[in-house]
Amino acid sequence: MPLDELLIAVALCAYTLGALALLGYFFARTPWLRDVGIPLAILGCVAQFGQLFARWELTHVWPLLNLYGSLSLFTAMSVAIYIGFAFRYKLWFAGGFVLALAAIFLAYGVTWYEGTMPPVPSLQSYWAKIHVPIVVSSYAAFLVAFVFSCIYLIKYYAERRLQSQEGSGRGNPLARWLSSLPSLPQLDVVVYRAVAIGLPLISVGIITGAMWAKEAWGAYWQWDPKETAALFSWIIYLAYMHLHTRHSWRGLRTNWVSVVGFLSIIFCYLGVNIWISGLHSYKV
Amino acid sequence: MTAVARQLYGDFVRTFGSVFFAVSLFLVWGVLTLIGVIVAQGEDPNVYFQSYAAPIARAILRLNFDNVYHSPWYVGIIALILLSLAVCTFKRVIPARLPPLRPVSIDKIPLHATFNTPGAPEQVRARVAETLRAQGWRIRERIFGGVEWSFADKHNWARRGVLVAHSGFVIIAAGTTLYWARGFSGEMAVLSGQTQQVPQTQALVRLDDFSYKISPIMTKSGMVYQPIDYVSHVTVTGKDGIPKRLTVRVNHPIDVDGTLYYQASYGFGMRFLVTHNGRPDAALSGRTLLEGESFDVPGTQRSMLYERFVPTVDKQSGMPTADPRVNAPAVVLAASDAGNPLGEGLVPLRSWVDLGNGWRMKPQRYVIYSGFQYRYDPGVVLVGIGAFVLLAGLVISFYFLPARVYVRVDEVAPNVSRVGAAATTVKGYDVFANAFARLMTSLRGEAQDA
Ligand code: HEM
């Protein structure tokens, strides 16, 4: 098995096992599950960056120019950003969801593996080395925000249900489990911090994309479906940031916006590539 | 101003200066943007009737959703956003000032901490101030009603981040408006050996030759013909009247008097030999048709469309292949009579086709052409500056949190002081909770170590 394929297999296994361990930790809070899950997350992430580097070294073709390569970077960056957050804010409990999503996206990316191809003329540009990693990293930050928004919403609705139930005293196992999660405002701050990474990055991504488009296609903005879908996501996260400045909307509503934002990112990333053709599937 | 006008003005300012109103505008902007992603833009009206049910297709066309980004809705929503931004900037963002220095009820502020520490109040106050200063806080001390307060501020300048971000957006809008007002763009297909004039600049562009490189690659799902390079050698005559030989490639446009020329596409023009009763028809045979062009057969209602060029036909099956390199070329021709389609066929180069009434034609010779896009955009510098200003605003707003810490130190026993501290920020309390806890640890630690 060539080195790069071996590394992908290692990453996929590490994410799958890591996801199982950390999901177990999320529900059971058994410390050894966390201690198994964390090294697996790190191992998978290192293997992925190693794989991207190996592929570049072996083929001398920038490895991010097809869906296989870009999904590889997307998943690696998602896990890397998550690991950064987890170390800094002690958020290991959420790793299972990030790793599970990473495993799914990576496995999907592998189905697009076509072997190595030289890039078409429009992709033969130094901008490919700048624009693609930035955009993909912004998507990764939004994935992390999405996971924490989901946890926020789960906790919010579970707490509300508990409150409306009779006899939901401290002995209730669900109540005990919920109290082991960070408080809602703390979860909300984590989402805010992830969006605060993603929004500037997607802005730089759109700007570098525009600079590249100007060089390759003659206009910095052509209303190509991919550009416009990215603009749509940008608008949603802009709405998120504005709502987050208002106390009364911070929390439940902003977290729903973050969920919608990530769905729009997936639409922009995969939906547009697969269903809608445009300049980004440039033929000439 | 009359009372009614004053009230209307007040309502206008309240509405347009509200963040929720801004978010509602973003929502509409987002939906319009999404419509343009989903509905194909700039197609022929028939295409919409083919793709959608008739009422939806009619609605798309009537509402300008086939060209949504240049529709009154889209321009209108951007104008409303800019108006709202202006109101908000003058009514809220610019007047926003640092809160005045005044005493607060420490324990009424959600982020607060109180602890006792050895030392007389003056000593403790000095140590606290020193610790805060060392961490970049600006300290001011005031006495209110006999109580001495310390006010620590950080990143106060970053309150202007919002203004910077908003200005960036306005600068981008100004740049795009400048392009609408003064810029132009266009496309042209130039046949090898031919010269064309750009209508807006009078520049002359001659295509000396065009070449392309294709690399056949075997992949898991079959043969893929990967394009590697497209190169146009051109001779361009600009304002100075001096012809210059230049090369245009994808990602390598050329600049002639401020107008940029880009490699956009290529194709194959076709010379047809058309005869009537065996004699060549000079007018029809002298032309080169581009793909998609047609000619009428004189004296009949018949029309022949040169639909497209097929570079390589499979020898065995006689069908077109995906190979874009010219090996065994053919053309796809479509015939119609009085506007009714008669059918289409694949005709190899130099094969005769009978058109009826004594007319015959054959595709004689292909001529490659290069498609260029040209564009003059005087707003691009503004858009670029705006983009960077916007980005700076985002970074300032998200990464530099203007915050204030209120501290008072009271004596609780001889040589024991109580430190009370509370913090507020422009983004509420939660974002600062961890940092406040760390700050308190350092105040406690430092005060006790001393
Ligand atoms: C409809 C027009 C807009 C209005 C009325 C508006 C209003 C506001 C207000 C009032 C704030 C400050 C909230 C606070 O801190 O209390 C704000 C923050 C901000 N605005 Fe806007 N805005 C508009 C459009 C935009 C646009 C188009 C952009 C992007 C280019 C933008 C970027 C920002 C940023 C980055 C912040 C800082 C957010 C934060 O600190 O979390 N705004 N806006």
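The model shown is predicted, which means the values in this text are computed figures rather than measured ones.

Here we look at the overall build of chain A
A count of helices and strands for chain A gives 9 helices and 0 strands. Projected onto its principal axes, the C-alpha positions of chain A cover 70 × 45 × 30 Å. Within chain A, the proportion of its 284 residues that are buried is 60%. Put simply, 80% of the contacts in chain A that link residues at least 6 apart link residues at least 24 apart. If you sum the accessible surface of chain A, you get close to 11,400 Å²; carbon and sulfur atoms cover 69% of it. Separation between the mean location of the 18 positive side-chain charges and that of the 11 negative ones in chain A comes to 13 Å.

So, the packing of aromatic side chains
Remark: the centre distance and the inter-plane angle together describe each pair of aromatic rings, the angle taken between the planes. Residues and elements named next belong to chain B. Counting across every chain of the model gives 44 aromatic pairs over all chains. Ring plane angle 35° and centroid distance 5.5 Å describe the contact between Tyr230 and Tyr266, whose orientation is recorded as tilted. Highlighted residues: Tyr230 in strand β7 (residues 222-237) and Tyr266 in strand β10 (residues 259-276), separated in sequence by 36 residues. Members of the aromatic cluster, joined through ring pairs, are Phe210, Tyr212, Tyr230, Tyr266, Phe268, Phe309 and Tyr366. Geometry around Trp352 places Arg360 over its ring, the cationic atom sitting 4.4 Å from the centre.

Re the site of the ligand
Taken together, 24 residues surround the ligand, and among them A:His242, A:Arg246, B:His166, B:Leu390 and B:Lys427 come closest. In this structure the ligand sits where residues from chains A and B come together. At a separation of 2.7 Å, a nitrogen atom of the ligand approaches a polar side-chain atom of A:His242. Between the ligand and B:His166, the relevant distance is 2.6 Å, taken from a nitrogen atom to a side-chain nitrogen or oxygen of the residue. Those elements that place two or more of their residues in the shell around the ligand are α8 (225-244) of chain A together with α2 (19-38), α5 (72-93), α7 (161-182) and α9 (380-399) of chain B. Here the residues of the shell around the ligand are counted per class, giving 16 nonpolar, 5 polar and 3 charged.

Some words on the domain arrangement of chain A
Residue and element names in this part refer to chain A. Per the domain assignment, the segments of chain A are domain 1 (1-119) and domain 2 (129-284). Computed from C-alpha atoms alone, the centre-to-centre distance between domain 1 and domain 2 is 20 Å. Every contact between the two is made by 26 residues of domain 1 and, on the other side, 29 residues of domain 2. Each partner contributes to the roughly 2,500 Å² buried at the junction of domain 1 and domain 2, and carbon and sulfur atoms together form 86% of this total. On the domain 1 side of the interface with domain 2, the three residues burying the most area are Trp62, Phe74 and Phe85, jointly 22% of the side's total. At the surface where domain 1 touches domain 2, the tally comes to 0 salt bridges. Applying the counting rule to domain 1 against domain 2 returns 5 residue pairs in polar contact (both at pLDDT 80 or more). Elements that contribute at least two residues to the side of domain 1 that touches domain 2 include exactly α1 (3-28), α3 (67-89) and α4 (95-110).

Points about the coordination of the iron atom of the ligand
Protein-derived ligands of the iron atom of the ligand are A:His242 (NE2) and B:His166 (NE2), with the metal-ligand distances lying across 1.9 Å. Taken together, the 6 donor atoms surrounding the iron atom of the ligand define angles of 83 to 179° at the centre, an arrangement classified as octahedral. Here the residue A:His242 occupies a position in helix α8, and B:His166 occupies one in helix α7, the pair thus bridging two chains. Note on accessibility: A:His242 and B:His166 belong to one class, buried.

So, the nonpolar core
When a protein is soluble and globular, its nonpolar side chains tend to lie buried together. In terms of nonpolar packing, the biggest core is built from 159 residues, with A:Phe74, A:Phe93, A:Phe148, A:Trp234 and B:Trp29 touching the most fellow members. The element contributing the most residues to this core is helix α5 (residues 127-164) of chain A, with 20 residues. Every residue in contact with A:Phe93, bar those within four places of it in the chain, is listed here: A:Leu22, A:Tyr25, A:Phe26, A:Arg29, A:Tyr82, A:Phe148, A:Ile151, A:Leu181, A:Pro182 and A:Leu187. Core analysis: the next-biggest nonpolar cluster, separate from the first, contains 39 residues, B:Phe184, B:Val274, B:Leu355 and B:Met361 among them.

Observations concerning the state of the cysteines
All names here are of chain A. Under the counting rule described, the total for this entry stands at 0 disulfides over all chains. No disulfide involves Cys13; its nearest neighbouring cysteine sulfur is the one of Cys45, lying 16 Å away. On the accessibility criterion, Cys13 (47% relative accessible area) is partly exposed. Unpaired in terms of disulfides, Cys150 finds its nearest cysteine sulfur in Cys268, a separation of 19 Å.

As for the sheet that holds strand β6 (residues 204-219) of chain B
All names here are of chain B. One open sheet holds the 4 strands; their spatial order is β5-β6-β7-β8, and the pairing between them is antiparallel. This sheet does not close on itself; its edge strands, each paired only once, are β5 (195-197) and β8 (243-249). Neighbour-to-neighbour, the strand axes of the sheet open up by a mean angle of 35°, direction not taken into account. Where β6 meets β7, 15 bridges bridge the pair, whose relative direction is antiparallel. Within β7, the residue paired with Lys213 across the bridge is Asp229.

Some points on the domain arrangement of chain B
Taken as a whole, chain B is organised into domain 1 (3-97), domain 2 (106-155 + 401-449) and domain 3 (268-363). Averaged C-alpha coordinates put domain 1 of chain B and domain 2 of chain B at centres separated by 47 Å.

Brief notes about α2(B)
In this model, α2(B) (20 residues) spans 28 Å end to end at C-alpha, consistent with the 28 Å of a helix rising 1.5 Å per residue. Listed in full, the buried residues belonging to α2(B) are B:Val19, B:Ala22, B:Val23, B:Leu25, B:Phe26, B:Trp29, B:Gly30, B:Leu32, B:Thr33, B:Ile35, B:Gly36 and B:Val37. Tucked inside the fold, the buried residues of α2(B) contact α8 and α9 (252-275) of chain A together with α5 and α7 of chain B. At the N-terminal boundary of α2(B), the capping side chain belongs to B:Ser18, with an oxygen 3.1 Å from the backbone nitrogen of B:Phe20.

Structural notes on the sheet that holds strand β14 (residues 302-310) of chain B
Hydrogen bonds along the backbone pair up the strands of a sheet, which may run parallel or antiparallel. Residues and elements named next belong to chain B. Spatially, β13-β14-β15-β16 is the arrangement adopted by the 4 strands of the open sheet, whose pairing is antiparallel. Sheet topology places β13 (293-296) and β16 (340-348) at the edges, where each strand pairs with a single neighbour. Going across the sheet, the axis of each strand differs from the next one's by a mean of 25°, ignoring polarity. Taken together, the 4 bridges between β13 and β14 define a ladder with antiparallel strand orientation. In the sheet register, Asp296 faces β14, and the bridge partner there is Ser303.

Description of a nonpolar patch on the surface
All names here are of chain A. Judged by side-chain polarity, Met1, Leu3, Leu6, Val10, Leu43 and Leu58 come together as a nonpolar surface patch covering roughly 590 Å² of accessible area. For the nonpolar patch, the elements supplying multiple residues, two or more each, are α1 and α2 (31-59). It is α1 that provides the largest number of residues to the nonpolar patch, a total of 3 residues. Here Leu43 falls in the partly exposed class, since its relative accessible area comes to 42%.

What counts and what doesn't
Residues numbered from 1 in each chain as written. Chains lettered and ligands numbered in written order. Predicted model: local features only at pLDDT ≥ 70, side-chain atom pairs only at ≥ 80, totals over all residues. Heavy atoms only, no water. Helix = DSSP H or I, 4+ residues; strand = E, 2+ residues; numbered from the N terminus. Buried < 20%, exposed > 50% of the residue type's maximum accessible area, 1.4 Å probe, protein only. Contact = heavy atoms within 4.5 Å. Areas by Shrake-Rupley, 256 points an atom, 1.4 Å probe, with all protein chains shown as cover. Lys, Arg positive; Asp, Glu negative; His and termini not counted. Charge placed at Lys NZ, Arg CZ, Asp CG, Glu CD. Phe/Tyr/Trp six-rings, centres within 6.5 Å; stacked < 30°, edge-to-face > 60°. Lys NZ or Arg CZ within 6 Å of the ring centre and 35° of its normal. Near = heavy atom within 4 Å. Polar contact = N/O pair within 3.5 Å; in protein donor to acceptor, adjacent residues only side chain to side chain. Nonpolar A, V, L, I, M, F, W, Y, C, P; charged D, E, K, R; others polar. Domains from an automatic or database assignment. Buried area = accessible area lost by both parts, 1.4 Å probe. Salt bridge = Lys/Arg side-chain N within 4 Å of Asp/Glu carboxyl O. Donors = N, O, S within 2.8 Å, 3.2 Å for Na, K, Ca; no water. Tetrahedral: all angles 85-135°; square planar, octahedral: opposite > 155°, others 65-115°. Core = buried A, V, L, I, M, F, W, Y, C linked by side-chain atoms within 4.5 Å. Disulfide = S-S within 2.5 Å. Pairing = 2+ DSSP bridges. Axes fitted to C-alpha atoms, helices over the stretch in contact; angles between N-to-C directions. Expected span 1.5 Å × (residues − 1). Patch = residues over 30% accessible without salt bridge, like charges linked within 9 Å, V, L, I, M, F, W, Y side chains within 5 Å.

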